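Chain by chain, the residues:
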Amino acid sequence: DTGVSQDPRHKITKRGQNVTFRCDPISEHNRLYWYRQTLGQGPEFLTYFQNEAQLEKSRLLSDRFSAERPKGSFSTLEIQRTEQGDSAMYLCASSFPKSSREETQYFGPGTRLLVL
Amino acid sequence: DAKTTQPNSMESNEEEPVHLPCNHSTISGTDYIHWYRQLPSQGPEYVIHGLTSNVNNRMASLAIAEDRKSSTLILHRATLRDAAVYYCILRDEGKGGADGLTFGKGTHLIIQP
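Sequence order sets the numbering: in each chain, residues are counted from 1 along the sequence as written. For naming, the first written chain is A and the first written ligand is 1, with later ones following in the order written. Predicted model: local features are reported for residues with pLDDT of at least 70 only, side-chain atom pairs are reported and counted for 80 or more only, and whole-chain, interface and lining totals are derived from all residues. Each side-chain value is derived from all of the structure's non-hydrogen atoms; neither hydrogens nor water enter the calculation.

Undergrad: I keep staring at the sheet that holds strand β9 (residues 107-112) of chain B and nothing clicks. Help me out?
TA: Strand pairs in the sheet, formed through backbone hydrogen bonds, run parallel or antiparallel to each other. Residues and elements named next belong to chain B. Any two strands with at least two DSSP-identified bridges between them are counted as paired. Helix numbering and strand numbering both begin at the N terminus, where a helix is a DSSP run of H or I of at least 4 residues and a strand a DSSP run of E of at least 2. As summarised here, the arrangement of the five strands in space is β1-β9-β8-β3-β4, forming an open sheet in which the pairing is mixed. Each having just a single partner strand, β1 (9-13) and β4 (45-50) make up the two edges of the open sheet. The average angle at which neighbouring strand axes cross in this sheet is 25 degrees, direction not considered. Here strand β8 (residues 84-91) pairs with β9 via three bridges, running antiparallel. When the sheet's bridge partners are listed, Val85 is paired in β9 with His108. Interaxial angle, 0 to 180 degrees, is taken between N-to-C directions of lines fitted to C-alpha atoms, where a helix line uses only the stretch in contact.

Right, here's the structure in full:
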């Protein structure tokens, strides 16, 4: 399967712990996005990479969140000192668009985080 | 990105056509109209997109009003596997190049056997 993969698929942690999620985009896709989705809501944009450069961050991305894409391939999203409000599905998407207006993003299956 | 409005839910019968509406009265001349859907427990998947002309692909058709203030996603023959949340999204060049997709709550499509 050459789609976007995410690991782990599920994570349960205690409040205050740090967690890290990994996303492997489709090979040669230069754009990579992170989104968060809570129950009953659509996904919300968190941050975006063009190759290894992080070009955009949402106001939702508090200073407890950090994302990296060190070699322009896979990406990690770390949440420090988790809070119960961080419980959500974290989605990764990748693309290789000719233009943003016609861009198709390919999403992974998501990592479901539960903070106890 | 400009705002879209969709019904919260719709119900249809299997093997019948489904018309999912989307209003986007504040659309700009350069916004593309994109549709994604999200099946239960999965990430969203791209369905179709267009600018002015109607578009067809193997998954669906997109009918765009002449004034572009609304559009309709058409599933020609719904199956149980089409039960999902459907999102209508407008997309322009964003802030200097790109930013994330702006999802609303979408339309929850229920397919009755």
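Undergrad: Which parts of the structure should I look at to understand the sheet that holds strand β1 (residues 5-7) of chain A?
TA: Residue and element names in this part refer to chain A. Read from one edge of the open sheet, four strands run β1-β3-β8-β7, paired in antiparallel fashion. Two strands close off the open sheet at either side, each with one partner strand: β1 and β7 (65-68). Strand-to-strand twist of the sheet, defined as the mean angle between neighbouring strand axes without regard to direction, takes the value 15 degrees. Relative to strand β3 (residues 19-24), β1 is paired through three bridges, and the arrangement is antiparallel. By the bridge assignment, Ser5 is partnered in β3 with Asp24.

Undergrad: How should the packing of aromatic side chains be read in this particular structure?
TA: Here a Phe, Tyr or Trp ring, Trp counted by its six-membered ring, pairs with any other such ring whose centre lies within 6.5 Å, and the pair is stacked when the planes are under 30 degrees apart, edge-to-face when over 60, and tilted otherwise. The tally for this structure, following the rule as stated, stands at 13 aromatic pairs over all chains. Taken together through their ring pairs, the aromatic side chains of Tyr33(A), Tyr35(A), Phe45(A), Tyr48(A), Phe107(A), Tyr36(B), Tyr46(B), Tyr87(B) and Phe103(B) make up a single cluster. A ring is scored as having a charge over it whenever the NZ atom of a lysine or the CZ atom of an arginine sits within 6 Å of its centre and within 35 degrees of its normal. The lysine or arginine in question, Arg22(A), covers the ring of Phe74(A), its NZ or CZ lying 3.9 Å from the ring centre.

Undergrad: How do you make sense of the nonpolar core when you look at a structure like this?
TA: Soluble globular proteins tend to pack their nonpolar side chains together in the buried interior. We call a set of buried Ala, Val, Leu, Ile, Met, Phe, Trp, Tyr and Cys residues a nonpolar core when their side-chain atoms join them within 4.5 Å. Each residue gets one of three labels from its accessible area relative to the maximum for its type: buried under 20%, exposed over 50%, partly exposed in between, using a 1.4 Å probe on protein chains only. With 21 residues, the main nonpolar core has Ile33(B), Trp35(B), Leu73(B) and Tyr86(B) as its most contacted residues. Residue assignment for this core shows that the elements contributing at least two residues are β2 (18-23), β3 (32-38), β4, β6 (61-64), β7 (70-75), β8 and β9 of chain B. Ranked by residue count, the leading element in this core is β8(B), at four residues. In this structure, Cys23(A), Leu77(A), Ala88(A) and Leu113(A) belong to the second largest nonpolar core, which totals 19 residues.

Undergrad: What should I look at first to understand the interface of chain B and chain A in this one?
TA: One frequent convention defines the size of an interface as the accessible area lost when the parts assemble. Residues are treated as being in contact if the distance between any of their heavy atoms lies within 4.5 Å. Chain B puts 24 residues into the contact, and the matching count from chain A is 23 residues. Summed over both sides, the interface of chain B with chain A buries roughly 1900 Å², with 51% coming from carbon and sulfur. For this analysis, a salt bridge means a side-chain nitrogen from Lys or Arg found within 4 Å of a carboxyl oxygen belonging to Asp or Glu. Connecting chain B to chain A are one salt bridge. Whenever a nitrogen or oxygen atom comes within 3.5 Å of another N or O atom, the pair is scored as a polar contact, on the condition that within protein one atom can donate a hydrogen and the other can accept it, and that pairs from neighbouring residues in sequence are kept only if both atoms are in side chains. Our count for the contact surface shared by chain B and chain A stands at seven residue pairs in polar contact (both at pLDDT 80 or more). Once two parts are put together, the accessible area they lose, assessed with a 1.4 Å probe and summed over both, is termed the buried area.

Undergrad: I tried to follow the pairing of β2(B) on my own but got confused; where do I start?
TA: It is a general feature of regular strands that their side chains alternate between the two faces of the sheet. Residues and elements named next belong to chain B. Covered by surrounding structure in β2 are Val18, Leu20 and Cys22 only, the residues His19, Pro21 and Asn23 on the alternate face being uncovered. Across six bridges, β2 lies against β7 in antiparallel orientation. Across the sheet, Pro21 pairs through a bridge with Thr72, a residue of β7.

Undergrad: It is not clear to me how the pattern of salt bridges should be interpreted in this structure. Could you clarify?
TA: Side chains that differ in sign of charge can pair as their charged atoms come close. In total, this model carries eight salt bridges over all chains according to the counting rule given. The partner of Glu103(A) in a salt bridge is Arg31(A), and the shortest N-O contact between them spans 3.7 Å. With a gap of 72 residues between them, Glu103(A) in the loop between β9 (88-95) and β10 (106-107) and Arg31(A) in strand β4 (residues 31-37) connect regions that are remote in the sequence. In this structure, Glu103(A) and Arg31(A) share a single accessibility class: buried. Ionic pairing is found between Arg37(B) and Asp82(B), a salt bridge with its closest N-O pair at 2.8 Å. Of the two residues, Arg37(B) is situated in strand β3 and Asp82(B) in the loop between β7 and β8; the sequence distance between them amounts to 45 residues. Judged by relative accessible area, Asp82(B) falls into the buried class, the value being 13%. One salt-bridge network, in which partners are shared between bridges, spans Arg31(A), Glu103(A) and Arg91(B).

Undergrad: Explain the environment of Asp63(A) to me, please; I cannot follow it from the model alone.
TA: Here Asp63(A) lies in the loop between β6 (53-57) and β7. Placed 17 residues apart in sequence, Asp63(A) and Gln80(A) show a C-alpha to C-alpha distance of 8.7 Å.

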